[in-house]
Amino acid sequence: MGNNSMLSSDPGILLKDYTGMTTVGIVVSFFFVIVLAIGIWATRKTKSSSEFFAAGKQIGTIALALAAFSSTLSGFLFVGAPGLIYSIGTGALWLTISTSLAFTVLWVVVGKKMRLLAEARDILTVPDAIEARFKSKPASFIAAVAILVGVVLYLATQLLAMGVVIGYVFNFDYKYGVIIGMIITLVYAVGGGMLAGIYTDVFQGIIMALASLFIIGFAITAGGGLENITMTIASSPALAEGSIGQKFVGPFGAAPYTLVMSWFLLFALGVIGQPHLVHKFFMIKDTRKLKMGAFLSTVPSIIAGVLAFVVGMSVKSLVLSGQLEPLVKADDAIVVFLLHFTTPVLTGIAFAGIASAIMSTADSFINIASAAAVRDIPKSLNKVLSEKQELYYGRIVSVVCGVISVVLALSLSDEGIAILGAFGWGTFAAALSPTIGLGFNWKGATKTGVIVSMCAGLIGAISLELGKILGMSWYVDNIAGLGIYNGVFAFCISLILLIVVSLFTEKCDIDSDVEAVIDC
Amino acid sequence: MNQNKGVFVILGVTILMLVAQVTKNYMLFAYTMPTLIFSFIFLGSITKNKIPKILAAGWVVMYFVVLISLLTMINIVQVPENITADLVFGLPKATAILLGVFWAFTGLATTAIYAFRFDKDILSEETMEEFKNKIKK
């Protein structure tokens, strides 16, 4: 029990006593109706597999930019980041500030190449692109399997976060939240495919960027201004030992320097291996639409990142100054803050934004997983489906992926969920970034090089994460003491192997149109 | 710089980064981290086997902005008591550098460079025409 003069930090108690819950419920329901309306509109426009998997290659600059912003940052920015900042200070922000270079890297290294490749060939997916570049069905198959497995498992962790948010709003168990969230996502994902996903991203991106501006103001005010927030934390007796309070407000927080720089690197360079982001460049209407996209993605990502920073720091200073009880879980930071310090309408918009951020990522994941299952894997096994078959089976596989993810999310233990978390950004970064990043910018990359690199990246990233999570002896005895960050370590190994193996293996015969892409 | 040279730079920097991790040398990591990221940006900027000069100059300036601001932040936090010695807009000076220079300025400036040089250096009409002719063959 906390002190009576302190505000409660238990979301369960807060939600029970919160008088604005009806307003929050109405706002969130209204958002879900709009999301479903986008789904219905997109379903009417989706008549072919090209429209289902690549939005008919008709999206413009703003749609591309906001979709990239929404898909990159997802629910993590609004739930995980404030919680992590509350726990370890400013250092956690390095996961988010990678957007200072991530969008430039994405646009410069792969954006133009992928769009030009889609101009030259009928490319709809990342494995399509890999096959076009290396003329290797095994390479395409490995990429497709990595995407399918990684996406379905990673999706389960996203669903859990969505279930918690929906459960909060409508006051029921998170398990029902997972199921309801998945049903809404599937309604528009199965019908409208990527077109629905893109325009949901646009809607959600605009709302979150605008809501963030207001929430930033509320957070600074609640903490008594930035200087008060800084000095309350820095001079707190609770954090005096080892000058933790000073470090907490410093740029690296209470985390080791190499760890936070590794986060930055993994997100800034790993972005080129994220299939749901690379995929978006196949959908752009024409090459000129690339021009402003990186800039337009960066602006809202900075605004939303500042939100995570000020909410996390403000809640920490409120706790340290005795105005708020210590959080039950760090991830409750945003929920506790919204319920105590903002209005019900803004809380509703933020909850809806968080849920739709996760939904839009889930939709992108479901779409590329179904593309991998009905297009990429059959193609790599010499079985080509017709356009109509791809669309039909693509919709069925979307439902199957959604159901598998729900079952995984609801049936696994906490340890199981932590293991699912291993199949995240770092896995794709290690497995696919070197192949995509170097494959389309260096003619010397060979098919053997990329196969070795993808296998090493995939196996390396997953083994290291599993070793760490499960406390396996080979990891604890030999690796843990090295101070490496698993994703970056696996990424470096994968990158080195691609280059070295390519230097010593037979060069690929590159088709003239693909060579033109690499030369551009 | 051509593609092969760019890839050799990436290989060398990646090996150094691996060494930095295994030896827990955070200063070496601080040098290699922005170098590796900008090596990829340089590689991606190569058009017809060279990097347009103005674009290259822009990336070089931004590379030094990132590297110098990173080293400055590390230098300030070496003595924890110095962190809050100077405040800028209510934030410790090093944190203000992180938010204002390392993040916001770098993010806006690099993407603005991309947008401003797009028509001339990233994908000019001439390059696009050449590309279309090549893929028709």
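All of the points below concern the structure found in this document. (Residues numbered from 1 in each chain as written. Chains lettered and ligands numbered in written order. Predicted model: local features only at pLDDT ≥ 70, side-chain atom pairs only at ≥ 80, totals over all residues. Heavy atoms only, no water.)

### Looking at the overall build of chain A
On a plain count of helices and strands, chain A comes out with 23 helices and zero strands. For chain A, the proportion of its 520 residues judged to be buried stands at 66%. Nonlocal contacts in chain A, meaning residues at least 24 apart in sequence, comprise 85% of its contacts between residues at least 6 apart. Just so you have it, chain A exposes about 16,700 Å², and 65% of that area is on carbon and sulfur atoms. With 30 positive and 29 negative side-chain charges, chain A shows a spacing of 9 Å between the two charge centroids. (Helix = DSSP H or I, 4+ residues; strand = E, 2+ residues; numbered from the N terminus. Buried < 20%, exposed > 50% of the residue type's maximum accessible area, 1.4 Å probe, protein only. Contact = heavy atoms within 4.5 Å. Areas by Shrake-Rupley, 256 points an atom, 1.4 Å probe, with all protein chains shown as cover. Lys, Arg positive; Asp, Glu negative; His and termini not counted. Charge placed at Lys NZ, Arg CZ, Asp CG, Glu CD.)

### Here we look at helix α7 (residues 126-134) of chain A
Residues and elements named next belong to chain A. With nine of its nine residues buried, α7 lies for the most part within the structure. Among the residues of α7, V126, P127, D128, A129, I130, E131, A132, R133 and F134 are the ones counted as buried. Immediately downstream of α7, the backbone of K135 shows phi near 45°, a positive value.

### Considering the pattern of salt bridges
Evaluated as defined, the whole model comprises 17 salt bridges over all chains. As a salt-bridge pair, D511(A) and K135(A) come within 2.9 Å of each other at their nearest N and O atoms. One end of the pair, D511(A), is in the loop between α22 (486-503) and α23 (512-519); the other, K135(A), is in the loop between α7 and α8 (137-170), with 376 residues separating them in the sequence. K48(B) serves as the salt-bridge partner of E130(B), at 3.4 Å between the closest nitrogen and oxygen. Highlighted residues: E130(B) in helix α5 (residues 125-136) and K48(B) in the loop between α2 (26-45) and α3 (53-77), separated in sequence by 82 residues. Connected through shared salt-bridge partners, R121(A), K135(A), D509(A), D511(A) and D513(A) make up one network. (Salt bridge = Lys/Arg side-chain N within 4 Å of Asp/Glu carboxyl O.)

### Side note on the environment of L71(B)
Positionally, L71(B) belongs in helix α3. Separated by 41 residues in the primary sequence, L71(B) and A30(B) place their C-alpha atoms 7.3 Å from one another.

### Focus on the packing of helix α16 (residues 344-380) of chain A against helix α17 (residues 387-411) of chain A
Residue and element names in this part refer to chain A. Contact geometry of α16 with α17 gives a least axis separation of 8 Å together with a crossing angle of 125°. One way to sum up the angle between α16 and α17 is to call them oblique. Crossing hand, α16 versus α17: right-handed. Contacts from I366, A369, S370, A373, V374 and R375 in α16 reach E390, Y393, G394, V397, S398 and C401 in α17. Split into classes, the residues belonging to the contact of α16 with α17 amount to seven nonpolar, three polar and two charged. (Axes fitted to C-alpha atoms, helices over the stretch in contact; angles between N-to-C directions. Parallel < 35°, antiparallel > 145°, perpendicular 65-115°, else oblique. Left-handed = near helix turned anticlockwise from the far one by under 90°. Nonpolar A, V, L, I, M, F, W, Y, C, P; charged D, E, K, R; others polar.)

### Remarks on unusual backbone geometry
Trans peptide bonds make up most of the peptide bonds, and negative phi angles are found at most residues other than glycine. Non-glycine residue K135(A) carries a positive phi angle of around 45°. The backbone of N49(B) sits at a positive phi, close to 65°, despite the residue not being glycine. Tracing the backbone through its elements, the reader meets N49(B) in the loop between α2 and α3. When its relative accessible area of 48% is taken as the criterion, N49(B) is described as partly exposed.

### Side note on the interface of chain A and chain B
On the side of chain B, 71 residues touch chain A, which itself brings 79 residues to the contact. Between chain A and chain B, roughly 6,600 Å² of surface is buried when both sides are summed, and carbon and sulfur atoms account for 76% of that area. Here D119(B) makes a salt bridge to K291(A), at a shortest N to O gap of 2.8 Å. Here chain A and chain B share 17 residue pairs in polar contact (both at pLDDT 80 or more) between them. Per-element accounting of the side of chain A that touches chain B gives the leading share, 13 residues, to helix α6 (residues 99-120) of chain A. Here the side of chain A that touches chain B is composed, by residue class, of 50 nonpolar, 19 polar and 10 charged. (Buried area = accessible area lost by both parts, 1.4 Å probe. Polar contact = N/O pair within 3.5 Å; in protein donor to acceptor, adjacent residues only side chain to side chain.)

### Re the environment of F40(B)
The residue F40(B) is located in helix α2 in this model. For F40(B), a relative accessible area of 1% corresponds to the buried category. In this structure the C-alpha to C-alpha distance between F40(B) and I10(B), which are 30 residues apart in sequence, comes to 7.4 Å. Those residues in contact with F40(B) that sit more than four places away from it in its chain are V109(A), L269(A), I272(A), G437(A), L438(A), L495(A) and I10(B).

### Points about helix α2 (residues 21-45) of chain A
Residues three or four positions apart in an α-helix share a direction because the helix packs 3.6 residues into each turn. Residues and elements named next belong to chain A. Along its 25 residues, α2 runs 36 Å from first to last C-alpha, staying within 8% of the 36 Å computed at 1.5 Å per residue. Of the positions making up α2, those classed as buried are M21, V24, G25, V27, V28, F31, F32, V35, I38, G39 and A42. On its buried side, α2 packs onto α1 (11-17), α8, α9 (174-222) and α16. (Expected span 1.5 Å × (residues − 1).)

### Quick notes on the packing of α9(A) against helix α15 (residues 333-341) of chain A
Residues and elements named next belong to chain A. Between α9 and α15, the least distance of the axes is 11 Å, while the angle of their chain directions is 80°. Our classification of the angle between α9 and α15 gives roughly perpendicular. For the pair α9 and α15, the contacting residues are I215, F218, A219 and A222 in the first and F337, L338 and F341 in the second. Residue composition of the contact of α9 with α15, by class: seven nonpolar, no polar and no charged.

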